[in-house]
Amino acid sequence: MSADIVRQHLSPGRILFGPGSLNDFVEQFPDDQVYTLMTDQGIARTALLNKVTTALEKAGRRFVVFSDVVSDPPVEVVEEALAFTRQKGAGAVIGLGGGSSLDAAKGLAVRMVSEVPLREYGDGKPVEGPIAPLYAIPTTAGTGSEVTRVSVITDTVKKEKMAIRGEHLAPLGAVLDPELIAGIPASVAAETGADALTHAVEAYVSLNSNPITDALAIAAIEMIGKNLADFVADSRNREAGLKMLLASCLAGQAFSNGGLGLAHSMGEPLGSYFHLGHGLACALYLPVIMEFNLSEAQYKFANIARALGHGIDNLAQADAADLSVKAVKDLFREIGLPKNYREAGIKNFELNPQMVDDVFPQFSTTCNPRKADAKEIEALYNALA
């Protein structure tokens, strides 16, 4: 690493974690606000929403519920939430759910104080100045959205996902309570956990990594390696659930500062064109992208193998690096993650050339340790056919 100044942007908010930490979390909210609680219909139909609203009521906080967030939330849903929020006189936002609900909550918090359309931010305009007060209650262990400074919103006109960025997008506070993720389906636990691992691995080998992001990322990788399979097997395992929430949070901090890589650059178009969830779309490419990158970051991939439980002390560095790919493949197999398009539900994959073009403008592509040309991207896409 050079002697350049490293500027870290760790979450400015307070993070509470541990079983039963929800009540303490909401009691910290200022009581002079009305809060819009942003969530989706899936959560609205469960006891989880009641658990959160009961905590808010017990703390004496005023709130209204907007429960129409959908997967890959479009601009239109954020605008509907904005109209609802203004009608109800709310001035702050609580995101409750997975990455989609937290991203939508961020989008709403931006629009509550800015007349700039989200599409302008999606075109590259940074979010300047404070947004409305924003708090995050994640109900999956994977996205790390509770500590990141980006919101992914779908532009239904262009049929693409927009990354809205700004230093103010990190929530003021978040709670990591394993009781809020207990009982989630095994498939959700697997895909979101794989998403967290993809965040951590790509941040660790990113060209923009530094000693702080390295420490965050490798800790997340080790924690995921020890707990993901147990959490997928039983999401009511509170110890494994808490460790996965913490790992997701660490990985979020790591990639917010260190960047990502080609697994994400390729996963975004796949998700857009074939309507595949973000976590699964990116995780599908992680092993093949690791193999592609091995020659450029052998030392770090060897460390990843160690973090995932392999003894490497007596191995040549190249052999140890190879073990990192095996470790990820073995873990993904253990948790039942698809390994190709067909298993992921894409029966007849045909590469749209635009998907290749869509990879290159993404910031994550610039962070990948090995540069790839269009032919190589095409081959990587077709490797899972």
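Digging into the confidence of the model for the protein
Any region with low pLDDT has predicted coordinates that should not be read closely. For the protein, the mean per-residue pLDDT works out to 93, and 97% of the residues sit at or above 70. Per-element confidence in the protein ranges from a low mean pLDDT of 85 for strand E7 (residues 160–165) to a high of 98 for helix H8 (residues 211–233).

A few points about the nonpolar core
Membership of the largest hydrophobic core comes to 78 residues, with the highest contact counts inside it found for Leu270, Tyr285 and Tyr381. Beyond its immediate chain neighbours, meaning those up to four positions away, leucine 270 contacts His275, Leu276, Ala281, Leu284, Tyr285, Tyr341, Ile346, Phe349, Met355 and Tyr381. One finds Leu108, Val116, Val127 and Leu169 within the second-largest nonpolar core, a separate group that totals 28 residues.

Observations regarding unusual backbone geometry
The phi dihedral of aspartate 72 falls on the positive side, at around 50°, and the residue is not glycine. You can see aspartate 72 is positioned in the loop between strand E3 (62–69) and helix H4 (75–88). If you check the backbone angles, histidine 275 has positive phi at about 55° while not being a glycine. Here histidine 275 shows up in the loop between helix H10 (262–274) and helix H11 (278–293). For histidine 275, a relative accessible area of 71% translates into the label exposed.

Describing the layout of surface pockets
Considered as a void within the structure, the second largest pocket measures approximately 290 Å³ in volume. Lining the second largest pocket we find 13 residues, and of these Pro287, Lys329, Phe332, Pro338 and Lys339 sit closest to its centre. Secondary-structure elements contributing two or more residues to the lining of the second largest pocket are H11 and helix H13 (317–334). Grouping the constituent residues of the lining of the second largest pocket by class yields eight nonpolar, no polar and five charged.

Considering the environment of alanine 109
In this structure, alanine 109 sits in helix H5 (residues 99–111). A relative accessible area of 0% means that alanine 109 is categorised as buried. Separated by 131 residues in sequence, alanine 109 and alanine 240 have C-alpha atoms that sit 32 Å apart. Setting aside its immediate chain neighbours within four residues, alanine 109 contacts Val93, Ile131, Ala132 and Leu134.

Some details on the sheet that holds E3
Ordered by their spatial adjacency, six strands build an open sheet running E1-E8-E5-E4-E2-E3, and the pairing between neighbours is parallel. Unpaired on one side and paired on the other, strand E1 (14–17) and E3 mark the two borders of the sheet. The mean inter-strand angle of the sheet, taken between neighbouring strand axes irrespective of direction, is 15°. Alignment of strand E2 (residues 34–40) against strand E4 (residues 92–97), held across four bridges, turns out to be parallel. Pairing of threonine 36 across the sheet is with valine 93, part of E4. Contacts from H5 reach E2, E3, E4 and strand E5 (134–138) within the one sheet, and its direction differs from that of E4 by about 170°. In the packing of helix H9 (residues 238–258) onto the sheet, contacts are made with E1 and strand E8 (173–176), and the angle to E8 comes to roughly 150°.

A few points about empty space enclosed by the protein
For the coordinates displayed, the defined rule picks out one cavity of 30 Å³ or more. In this structure, the largest cavity occupies an estimated 30 Å³ of space. Lining the largest cavity we find Val201, Glu202, Val205, Leu286, Ile289, Met290, Asn293 and Phe301. Elements represented by at least two residues in the lining of the largest cavity include exactly helix H7 (186–205) and H11. Residue classes in the lining of the largest cavity are distributed as six nonpolar, one polar and one charged.

Conventions and cut-offs
All residue numbers refer to position in the chain's written sequence, counted from 1. Since the coordinates come from a predicted model, pLDDT governs what is reported: local features require at least 70, and pairs of side-chain atoms require 80 or more to be given and counted, while whole-chain, interface and lining totals use all residues. Excluded from the side-chain calculation are hydrogens and water; included are all heavy atoms of the structure. Per-residue confidence from the predictor is reported as pLDDT, which spans 0 to 100. Segments assigned H or I by DSSP are reported as helices when at least four residues long, segments assigned E as strands when at least two residues long, and all are numbered from the N terminus. Residues belong to a common nonpolar core when they are buried Ala, Val, Leu, Ile, Met, Phe, Trp, Tyr or Cys residues joined through side-chain atoms within 4.5 Å. Each residue is assigned to one of three classes by its accessible area relative to the maximum for its type, calculated with a 1.4 Å probe on protein chains only: buried under 20%, partly exposed between the two thresholds, exposed over 50%. By the convention used here, residues are in contact when the closest approach between their heavy atoms is within 4.5 Å. Here a cavity is any set of points on a 1 Å grid over the protein atoms alone where a 1.4 Å probe fits but cannot get out, and a pocket is any open set with protein on both sides within 12 Å along at least 5 of 7 lines; a residue lines the site when it has an atom within 4 Å of a point. Grid points are joined across faces, edges and corners, and a volume is the space filled by probe spheres set on the points. Under the grouping applied here, Gly and all other residues not named as nonpolar or charged are polar, the nonpolar ones being Ala, Val, Leu, Ile, Met, Phe, Trp, Tyr, Cys and Pro and the charged ones Asp, Glu, Lys and Arg. Two strands make a pair as long as DSSP finds a minimum of two bridges between them. A fitted line through C-alpha atoms represents every axis, and for helices the fit uses only the stretch in contact; the resulting angles, taken between N-to-C directions, go from 0 to 180 degrees.

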